[in-house]
Structure formats: structure tokens, C-alpha cells
Amino acid sequence: MKTLPDLYNQEQLAFCQSLPKVELHAHLNGSVRASTLRELAAEKQIDPELCKLIEKGDRTLAECFGIFTLIHQVTTSISAIQRITREVLEDCAADNIIFAELRTTPKSRPEHGLTKQTYVEAVLAGIDAFSEQNSGMEVGLLLSIDRRESAEEAMHTVTLAQQYHSRGVSGLDLSGNPTLGSWTTWRPALDAARASGLHISLHAGEVYRPAETSQMLEWRPDRLGHMCCLDEQLRSSLLASHIPLELCLSSNVITESVAGYPDHHFRQLYHAGHPVVLCTDDSSVFSTTLSREYALAMAAFLLDRREMLMLAKKSIDYSFAESHIKQRLHTAFDRAAAKIQHSSAS
Ligand SMILES: CNc1ncnc2c1ncn2[C@@H]1O[C@H](COP(=O)(O)O)[C@@H](O)[C@H]1O
Ligand SMILES: [Zn+2]
């Protein structure tokens, strides 16, 4: 793992672990337990050295996409997809997450007998397996369009999201290598998704592509992810948009999209009152947890306990959960927060 200074102290980490939290930007295959990856790789006789590459840690954004190709060589069976989904959710629950909105790219992999549809059904089966054993955490699912996909493939993913909306698919994500593809390819599918009531989050501004980032801002998705590489004009357009922003501190710093934690654009956006939510992006690839991301923010931006509580509470409203679920989450949050404040007062 990149020897990044853990800026926070154990007391801050313990406080952030005790906070009820909401995860809104977690890619399924980027969050697979390292032990499970090693086990699945061994079953497929994939060189254990490759697993070390996955666990290495510091890597550029471009190298990340090589890692995902490796991970995708391992998570190819229905049972593996069900297992990693259940395990990622178990790890979220263990990190005191009360709502996990996972995202994943439905994959057609005929060599493994997988279609996009059977992939989605395997993920939903993994969510069901988790929910049968755990009642304390709500789960949402976004289907991702990968930037390598065509307009037709994107439309197929939207059709699946519409078909499985009643099973918990609340929206779409656009992700993948930000140097590839063009916004105009996927926009028609995303227009159709929005017209059918699905929510949309876009990875944007991961690399400096001002024209595309500006078009995405004008399109007004429900949420944005990253927005690291902006010029002054784009930054003021983002602030004026008031579109909630998913911020993944470790992901941005490790991939060197941002120079260091204190320089992260979280600081400016948070103090400008822009809606922001801390997320992990890929907890396995970046060896982090949501509690750790909160602790990093608490330390790097000198936030106190009350500010951290508010940050966590507001993220409930940026989720794509139905309003009755949001209400349930607020009630659970307030109850837990009261306990935290009571215990720290005593
Ligand atoms: C680090 N920053 C990032 N930027 C853009 N896309 C990313 C990403 N991290 C992950 N993904 C997207 O998530 C996929 C893996 O999970 P799923 O196979 O969908 O479950 C990657 O293939 C990539 O498309
Ligand atoms: Zn992401």
C-alpha cells in the first residue's frame, strides 16, 4: 500500500467507526475482499504474484484499470459474483454503514456462461443472501455503464435497470477509464433512464476534459463523482449547480488525481456549503474503509465531531433511496447519534 501518512489518530478513527454512515460510491469489483480474491485466483490457477499486484497499493489511475481487468478474470462465476456481493455488504455493515448503494457494471461474458442479465441476477441474489442474515443495513444498487461500451450496450444496461427497478435497482452510473469514449455515445441511454424515473450518477472530471465535464454538468445528473480536474469556470459551474458530489479522498490521492489529502477539493466545496458525501470508490483496491475516509477528512480538514455527524447525516438525503427508506435511515441515524453524544458527554 502506498505509504501514505494516516493523518488521523486512533481516537478520530474510533469516533468515525462509531458514526452511522452512508456509502454512495462503491464499485463491487473494486471492493472485493483481498482474501477472497486470492482464494478465487487460486481456484482458477491464476498466478498468486498477480494477486500481489492487486494488493500492491500505490498505482496511477491508468494502472487501476489494469487491476480491474485482473479482478474481472477472477470474479467470473455466478457463485463468485453472489459471494463477493454478500461479502462487500457484510464488510459495509461491519463498518457501521446503515445504507450501502453499490454500483457494478453488468457484464456479458459468454466464455463464462454469463449474460448481462444473469450477472445482475447474481448480484441481486448476493444482496438477498446478505439481507436474509442482516436487517440493520439498507441496500441500493446502481448499474454502471462502462465508457468502453457502445450506445446499444448502454441502452441494454438501462433496460435491465428498468426491468429490475422493483428489485432494488435505483439508477445508473457512468464509469470506466475516463480517457475513453465520448459523452454523446451514452447520453441517449441516460436520457431514456432519466425519463423512466431512474436516478443517475456520473463519474466526471477525473481527468481534464473541460468540454465533456461542462456537457455533463449542463445535463444535470442527480449526483456527480470525483470532479478533481476542473478549471475555475467549471468549478464555479459546479458550485452553482448544487449537484451533490461523491468524494473519494484516498482514491483521488493514491491515483494522484489530487496531490495530497489537505489539497483535496473537499475543503473548498465543504466550506462553500456544496453538498458533498465521502465515499470509498474501491475499498479493496485502495485498502480503505468508509470510516477511514471519514477519519482522513476529520484530520485533514480539522472537522469536529458535530461537523462529522452533520456530514454523515446529510449524506442520507443525497442517496437514491425511496423517501420512506430515507425517513427510516434518519430515525436510525438520530438514535445512534444520540447514543454517541451521550457516551462522549459522560
Ligand atoms: C478509481 N476510479 C475509477 N474511475 C472510473 N471508473 C472506476 C473507478 N474505479 C472503479 N471503476 C469502475 O468500476 C469497475 C469495477 O467494478 P465493477 O466491475 O463495475 O463491479 C471498473 O472496471 C471501472 O469501470
Ligand atoms: Zn468510482
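If you check an unreviewed UniProt entry, the chain appears there as Adenosine deaminase domain-containing protein from Apatococcus lobatus. Annotation of the chain in UniProt includes, under Cofactor (unreviewed entry), the sentence "Zn(2+)". UniProt, in the comment section headed Catalytic activity (unreviewed entry), describes the chain in these words: "N(6)-methyl-AMP + H2O + H(+) = IMP + methylamine".

Helix and strand content of the chain: 15 helices and eight strands. Taking 346 residues into account, the globule formula puts the C-alpha radius of gyration at 20 Å, and the chain, at 19 Å, falls close to it. Overall size of the chain, expressed as C-alpha extent along the three principal axes, is 60 × 45 × 40 Å. A buried classification covers 56% of the 346 residues belonging to the chain. A fraction of 72% describes how many contacts in the chain between residues 6 or more apart in sequence connect residues 24 or more apart. Computed over 33 positive and 43 negative side-chain charges, the inter-centroid distance for the chain is 3 Å.

Tracing the sequence through the fold places Gly-168 in the loop between helix H7 (151–163) and strand S4 (169–175). Considering only alpha carbons, one finds Gly-168 and His-25, 143 residues apart in sequence, at a separation of 16 Å. Excluding anything up to four places from it in sequence, Gly-168 contacts Gly-140 and Leu-141.

So, on to the coordination of the zinc ion (ligand 2). Protein coordination at the zinc ion (ligand 2) comes from His-25 (NE2), His-27 (NE2), His-203 (NE2) and Asp-281 (OD), with a distance range of 2.1 to 2.2 Å. Coordination at the zinc ion (ligand 2) is irregular, judged from the four donor atoms that bind it and the angles of 85 to 170° they form at the metal. In primary-sequence terms, the residues that donate to the zinc ion (ligand 2) follow H-x1-H-x175-H-x77-D. One end of the pair, His-27, is in strand S1 (residues 21–27); the other, Asp-281, is in the loop between strand S8 (276–278) and helix H13 (290–300), and 254 residues separate them in sequence.

Helix length check: H7, at 13 residues, gives a terminal C-alpha distance of 18 Å against a target of 18 Å (1.5 Å per residue), a fit within 8%. The set of residues buried in H7 consists of Ala-154, Thr-157, Val-158, Leu-160 and Ala-161. Looking straight down H7, one finds its buried side chains confined to an arc of 160°; they lie on one side. In this structure, the buried residues of H7 make contact with helix H6 (116–133), strand S3 (138–146), S4 and helix H8 (183–195).

By the secondary structure assignment, Thr-76 is in the loop between helix H4 (61–74) and helix H5 (78–94). One polar contact links Thr-76 to Lys-44, side chain to side chain, over a distance of 2.9 Å. Beyond its immediate chain neighbours, meaning those up to four positions away, Thr-76 contacts Lys-44, Ile-81, Arg-109, His-112 and Leu-114.

This part takes up the side chain of Lys-116. For Lys-116, the position within the fold is in helix H6. One polar contact links Lys-116 to Glu-149, side chain to side chain, over a distance of 2.6 Å. Those residues within four positions of Lys-116 in sequence are excluded, and the remaining contacts are Pro-106, Lys-107, Ser-108, Glu-149, Glu-153, His-156, Thr-157 and Leu-160.

Next up on the list: the site of ligand 1. What surrounds ligand 1 is a group of 20 residues, the closest being His-72, Thr-104, Thr-105, Lys-107 and Asp-282. A distance of 2.9 Å separates an oxygen atom of ligand 1 from a polar backbone atom of Asn-29. In the complex, 99% of the free accessible area of ligand 1, which totals 510 Å², lies under the protein chains. The element contributing the most residues to the shell around ligand 1 is H4, with four residues. Of the residues belonging to the shell around ligand 1, the class tally is six nonpolar, nine polar and five charged.

Reading guide: rules and limits
Residues numbered from 1 in each chain as written. Chains lettered and ligands numbered in written order. Predicted model: local features only at pLDDT ≥ 70, side-chain atom pairs only at ≥ 80, totals over all residues. Heavy atoms only, no water. UniProt positions renumbered as here; feature names shortened; annotations may be inferred. Helix = DSSP H or I, 4+ residues; strand = E, 2+ residues; numbered from the N terminus. Rg over C-alpha atoms; globule rule 2.2 N^0.38 Å. Buried < 20%, exposed > 50% of the residue type's maximum accessible area, 1.4 Å probe, protein only. Contact = heavy atoms within 4.5 Å. Lys, Arg positive; Asp, Glu negative; His and termini not counted. Charge placed at Lys NZ, Arg CZ, Asp CG, Glu CD. Donors = N, O, S within 2.8 Å, 3.2 Å for Na, K, Ca; no water. Tetrahedral: all angles 85-135°; square planar, octahedral: opposite > 155°, others 65-115°. Expected span 1.5 Å × (residues − 1). Arc of directions from axis to C-beta. Polar contact = N/O pair within 3.5 Å; in protein donor to acceptor, adjacent residues only side chain to side chain. Near = heavy atom within 4 Å. Areas by Shrake-Rupley, 256 points an atom, 1.4 Å probe, with all protein chains shown as cover. Nonpolar A, V, L, I, M, F, W, Y, C, P; charged D, E, K, R; others polar.

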